[in-house]
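# Understanding the architecture of this molecule
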Amino acid sequence: MSVTSRQVKNKRTADGGSTSRVGTVYDVFIRYKTSDGYKTYGKRGFLTKSEALDHEAEMRTKLTNPGYEPIKAADAKQTVKEYLENWVEVHGKANLRPSTFSGYKCHIKNHIVPYIGNVPLKKVTPAMIDNMLKQLSDKGLSVSTCRYAQRILGVAFEAARKYHYIESNPARDILTKFGKDAKTPDPYTIEQMQHLMALGAGNEWEMIFVLSGLYGLRRNEVLGLRWNNVDLQNRQFSIVEQLPFKVPPKTNIIEEMAPTKSQGRTLPITEVTLPYFQKQLLLQQKQKELAGLSGQPYYDNRLVVAKADGAPLRAERVTNNFAQFLRHNDMPHIRFHDLRHSAATNMHELTGDFYTVGEILGHTLKGIGMSLGISTNMADVTARYVDVRLDRKRTVLEAYHNAMFPNEALRLAQKSLSSQERDTR
């Protein structure tokens, strides 16, 4: 018979826990014919006879398919911990950004392995994952953290299924429903961005808010922008590098920058933002001069945003300090990255040109469409914008920047008009 029963001293529960009681489990053994002769397949430890019979029927169908390969015994013995640690090292280093790779490793170590790490990979069930997520939630972790753990398992177990380590992906069949608590905060409106810029005026946040909130640069792009890539004469700057993901504490000199997530992009400096770049350059020149006069070291990394001594800012510290800055000034909570979302949303609402907005932010067409929550007609869009030139980016950015600073925009417009009138006389 293909399904047999046996007594065990410590029968497991559906989520892998111990009952400490004697019980009956069921094993499946199938003998099947291949082009190389007869082979056998076996899987042990089903909790009920019906589960064993269902698995037997499913496997008989699969084993009669010439292209199907059953799980190898050596691969079937590995635990979830063994598989995930190997998978993230092999897959992560080759396919993930450093920040994502670090996040995966941290979540695997702290939020997955302690709960199902010792379970054999082939015995993981959706019920075990649901129970793990419940324990994470009961521990007080946020919905986004629980969702991220489930996402990692979904990706990792899908790879295990494709490798034929497991028959199906248990993370795809969980019953846990994630609520709205993990909703991304709403981006700031133009009025809220104006208030934020006012709060940052004249302090260390000013240039950070210009680059992140008015141009939509990513955090490490803001902290890694160097004057070498800023052309004030032609009023443009290029995003071709960023601060490395992990900069050790007390690092004063950055020997080498990291590549950007996108392939690099050039952005115009508008009339409204030009004074901010000029003011920042003069401030840093004065800081460098005073450091020399006082005999203090100055670390000339040529960073647009840096400490008073020229050393780089730590990305984690900027994120934490930003949250405190909002709390102290009674501003609605958003993540630092949501300044980028605010820039994207406001530019799109003012111009409707999501393709150019995507080029400004360094997004793919699909990515900016998803970020803004709109559908993308690829054929129509690419027919209109085969190449987004700098003047088109300037038009979109000026629409946003002029809306942010209407009085300044009006003053500049009147100044330009007066200049034109003088030229025509």
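Below: a short report on this structure. (Residues numbered from 1 in each chain as written. Predicted model: local features only at pLDDT ≥ 70, side-chain atom pairs only at ≥ 80, totals over all residues. Heavy atoms only, no water.)

## Thoughts on the sheet that holds strand 6 (residues 265-268)
Within a sheet, neighbouring strands are paired by backbone hydrogen bonds and run either parallel or antiparallel to one another. Strand order in this open sheet of three strands is 4-5-6, and the pairing throughout is antiparallel. Two strands in the sheet have a free side with no partner beyond their single neighbour: strand 4 (230-231) and strand 6. In the sheet, strand 4 pairs with strand 5 (residues 236-239) via two bridges, with the strands oriented antiparallel. Bridge assignment links Val230 to a residue of strand 5, and that residue is Phe237. (Pairing = 2+ DSSP bridges. Helix = DSSP H or I, 4+ residues; strand = E, 2+ residues; numbered from the N terminus.)

## A few points about the nonpolar core
With 56 residues, the main nonpolar core has Leu196, Phe209, Leu211, Tyr215, Phe237, Phe277 and Met347 as its most contacted residues. Considering each element in turn, this core owes the most residues, six residues, to helix 8 (residues 206-214). The contacts of Phe237, once residues within four sequence positions are left out, are Leu211, Tyr215, Leu217, Leu225, Asn229, Val230, Arg265, Thr266, Leu267, Pro268, Ile269 and Phe277. Grouped together as the second largest cluster of nonpolar side chains are 32 residues, Ile112, Ile116, Met128 and Ala156 included. (Core = buried A, V, L, I, M, F, W, Y, C linked by side-chain atoms within 4.5 Å. Buried < 20%, exposed > 50% of the residue type's maximum accessible area, 1.4 Å probe, protein only. Contact = heavy atoms within 4.5 Å.)

## Concerning the pattern of salt bridges
Here the structure, examined in full by the defined rule, presents 16 salt bridges. The salt bridge involving Lys81 is made with Glu85; its shortest N-O contact spans 3.1 Å. Linking Lys81 with Glu85, this pair stays in helix 3 (residues 80-95), spanning four residues, or about one helical turn. Lys81 sits in the partly exposed class, given a relative accessible area of 31%. According to the relative accessible area criterion, Glu85 is partly exposed, its value standing at 37%. Each of the salt bridges in this network shares a partner with another, and the network as a whole consists of Arg218, Glu221 and Arg265. (Salt bridge = Lys/Arg side-chain N within 4 Å of Asp/Glu carboxyl O.)

## Describing the side chain of His107
With respect to the helices and strands, the residue His107 is situated in helix 4 (residues 98-116). The class of His107 is buried, set by a relative accessible area of 13%. The residues touching His107, leaving out its near neighbours within four places in the chain, are Ile112, Thr145, Tyr148, Ala149 and Ile152.

## Here we look at the environment of Thr125
Structurally, Thr125 can be placed in the loop between helix 4 and helix 5 (126-138). Through-space distance from the C-alpha of Thr125 to that of Asp173 is 8.7 Å; in sequence the pair is 48 residues apart.

## Observations concerning the environment of Ile174
With respect to the element layout, Ile174 can be found in the loop between helix 6 (143-162) and helix 7 (190-200). The exposure class assigned to Ile174 is buried, which follows from its relative accessible area of 13%. Taking C-alpha positions, Ile174 is 4.8 Å from Pro126, a pair spaced 48 residues apart along the chain. Sequence-distant contacts of Ile174, defined by excluding residues within four places in its chain, comprise Pro126, Ile129, Asp130, Leu133 and Gln150.

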